[in-house]
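One-letter residues, chain by chain:
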Amino acid sequence: MKNIYIFLMAVCLLTACDIDRFPSTSMAAEQIKANPAGMIDELLNGAYSQTKTWSDVMHRCGEYAGDNMMIRGSSTDAFYQFISYSRTPSNSRLNSFWSNSYMAIAQTSNIITMIGDNNDPAITSKIGECYFLRGMLYFYLCRAYGRPYYQSPETNLGLPIVNGTPENILNLELPDRSTVKATYEQAIADLEKAASLITADRGPAYASREAAWALLSRIYLYMSGTWDSPNTANAAKSIEYADMVINSGKYSMLSRGDFMKYNTFKPESNKESIFVVKRMASEFSGSDHYYGIGGMYANIGGMGWGEMYASAKYIGLLDETGRNDWRKGNIVDARAAFIEPQYEEAEHPVFRFIKKVYNANGDHTNFNYVQADVTVNGNTATCKEVIADVEKTFQLTPVNVEQGVWSVKYDDGETYTGYMDQFIRLNRVYPMFYIVKCSREGENSHLHSPVITRLAEMYLNKAEAAAKTGDYGSALTALNIVRERSLPGKGYTALTAADAADRIEKERTLELAYQAERSYDVYRNGRSLTRLYPGPHNAVEEIFPNDYRVVYYIPQTAIDSYAGTLTQNPTSN
């Protein structure tokens, strides 16, 4: 009897048809073919289970390399390399991302091969789910390990396309990496096939026809070129698929009030979620959520490290339309509800601003927060700070007294603008602006089901793609659906070629923050990344979209164990 091992290892048989369980053993091909209806649930749930571990590193790769967050200091954990851009092929987290992706790719491919064509609609629909998972994984892998699509996709390397366990595993010779273009074509073909096969709607924790359309909308957006050199044909395809999701009627934008609690809803009760990687509290050891995604962003109920915070840049974007005064519960932009500054309980008024940091040669090297004790008397205010063991007093100038915005002429000759506020507790030298968007699902500490797609993204995809085709009217309508949910009555009155890129990118940054999209969004449009805000990162560095560090190294362990040639990414520009 021939045994088919999913990814050549014991990973596939479940004891119940339950997405919340993990696979544990192997299954004979003849057994599967003889009873596909009885076996496919167990096999497919094993593939879903692989995505649970996969999603953790997927989030860290995409989010930590962006500019929505900062960390309190350097770390020996492998994820710090994502933040610092110190790329190495020995990163253990990247190896986990790679191996879990290919285990699920192999598993779904083997299910497709073993069961094949089937007249049972329920089985056929689940085969479609296999195609969805495989297409999703190829896309996510390619955006991490392959260069942005606009950069020579016909020659730049994407992923090895290995769809299933080869027949002859004793004399194995696997192919080298295909091109970025070929990898995208594989992902598109899989997702189109998924959309054609899936008929059942099992909720956002499972693949659906609309989930396939949603990812196709994003993939074509990634293929739509840059703002300066758009590919209008691919932009039109992105719009087409976004509209198919929007017009399906299966999803709806949450109200402003409900959206501000988005993170607390379970996926199955969230009308905006299209596809998520479902996590369960039982998957964690006891109540230990320290090592989940949200555990780095906050400490809730004694759980979590709480060492990564919203960046000053992101907070600045939230405050552009009006100050979000968390101490008074005055949330202007609904997306500010996912940020929770950790105020000191005792009354301690301060003037908080960000100053430049200089080295011994007088070179500007970084930024830091100042929380200076403040005295306010009407429209007159002063603040005090100890600098080099000397207490100095500074006169403040009102900018917007109603919102508590003032400026200070500092002793380095710069004029800085900041806020009157309550003292925020520090971790090392950084105020703790907790991020809770990846916590509190079902009100359970840091439980979080990573979001792959939701309806708001479809409107943002449509806005960007429409603008790239020159249809600024449609772009404006789509963009304002998202913007006005968070900022009622503050929609843009117009979009033009001069401002569309900046406005659409701003709303995309605000809306999709902490969903692992930001760093990829920057580079796919030919933009540079700058992080001009406090943190241990190189705050004055500009990372250009053609920098070799924009993509990750293929894990060395994958190269060493690969049955064939697996070409590494360049190690320099």
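None of the values given here were measured: they were computed from a predicted structure.

(A) Quick peek at the overall build of the protein. Each helix and strand counted, the protein has 15 helices and 18 strands in total. Computed over the C-alpha atoms, the radius of gyration of the protein is 25 Å, within 12% of the 25 Å expected from 2.2 N^0.38 for a compact globule of 573 residues. Along the first, second and third principal axes, the C-alpha atoms of the protein reach 85 × 50 × 45 Å. Taking all 573 residues of the protein together, 58% fall into the buried category. Of the contacts made within the protein by residues no fewer than 6 positions apart, 68% connect residues no fewer than 24 positions apart. For the protein, the exposed surface amounts to about 22,000 Å²; the carbon and sulfur share of it is 49%.

(B) Up close: the packing of aromatic side chains. Applying the stated criterion to the full structure yields 30 aromatic pairs. Note on W54 and F97: the rings are 6.3 Å apart at their centroids and 20 degrees apart in plane angle, and the pair reads as stacked. Of the two residues, W54 sits in helix 2 (residues 36-64) while F97 sits in helix 4 (residues 92-115), which places them 43 residues apart along the sequence. What makes W54 buried here is its relative accessible area of 0%.

(C) A look at the environment of G470. Relative to the assigned elements, G470 resides in the loop between helix 11 (455-468) and helix 12 (472-486). Put simply, G470 and L396 are 74 residues apart on the chain and 46 Å apart in space, counted from C-alpha to C-alpha.

(D) Up close: the nonpolar core. Residues F132, M136 and Y514 are the most contacted members of the largest nonpolar core, which totals 148 residues. Tallying contributions element by element places helix 5 (residues 121-145) first for this core, with 15 residues. The residues touching Y514, leaving out its near neighbours within four places in the chain, are H59, E63, N68, M69, Y297, A310, S311, Y314, I339, I435, K437 and C438. Membership of the second largest hydrophobic core comes to 15 residues, among which are F351, A372, I387 and V408.

(E) Just the sheet that holds strand 10 (residues 390-400), in detail. Here we have six strands rolled up into a closed barrel, ordered 7-8-9-10-11-12, and antiparallel in their pairing. Strand-to-strand twist across the sheet, computed as the mean angle between neighbouring axes with direction ignored, equals 40 degrees. Relative to strand 8 (residues 364-377), strand 7 (residues 349-358) runs antiparallel, the two being bridged by nine bridges. Bridge pairing in strand 8 links F353 to V370.

(F) Focus on the pairing of strand 8. What sits between strand 7 and strand 8 in their antiparallel hairpin is a turn of five residues, with G362 showing a positive phi close to 85 degrees. In terms of strand pairing, strand 8 meets strand 9 (residues 380-387) through five bridges, oriented antiparallel. Pairing of T375 across the sheet is with T382, part of strand 9. Two successive antiparallel strands, strand 8 and strand 9, enclose a turn made up of two residues, where G378 displays a positive phi of approximately 65 degrees.

How each quantity is defined
Residues numbered from 1 in each chain as written. Predicted model: local features only at pLDDT ≥ 70, side-chain atom pairs only at ≥ 80, totals over all residues. Heavy atoms only, no water. Helix = DSSP H or I, 4+ residues; strand = E, 2+ residues; numbered from the N terminus. Rg over C-alpha atoms; globule rule 2.2 N^0.38 Å. Buried < 20%, exposed > 50% of the residue type's maximum accessible area, 1.4 Å probe, protein only. Contact = heavy atoms within 4.5 Å. Areas by Shrake-Rupley, 256 points an atom, 1.4 Å probe, with all protein chains shown as cover. Phe/Tyr/Trp six-rings, centres within 6.5 Å; stacked < 30°, edge-to-face > 60°. Core = buried A, V, L, I, M, F, W, Y, C linked by side-chain atoms within 4.5 Å. Pairing = 2+ DSSP bridges. Axes fitted to C-alpha atoms, helices over the stretch in contact; angles between N-to-C directions.

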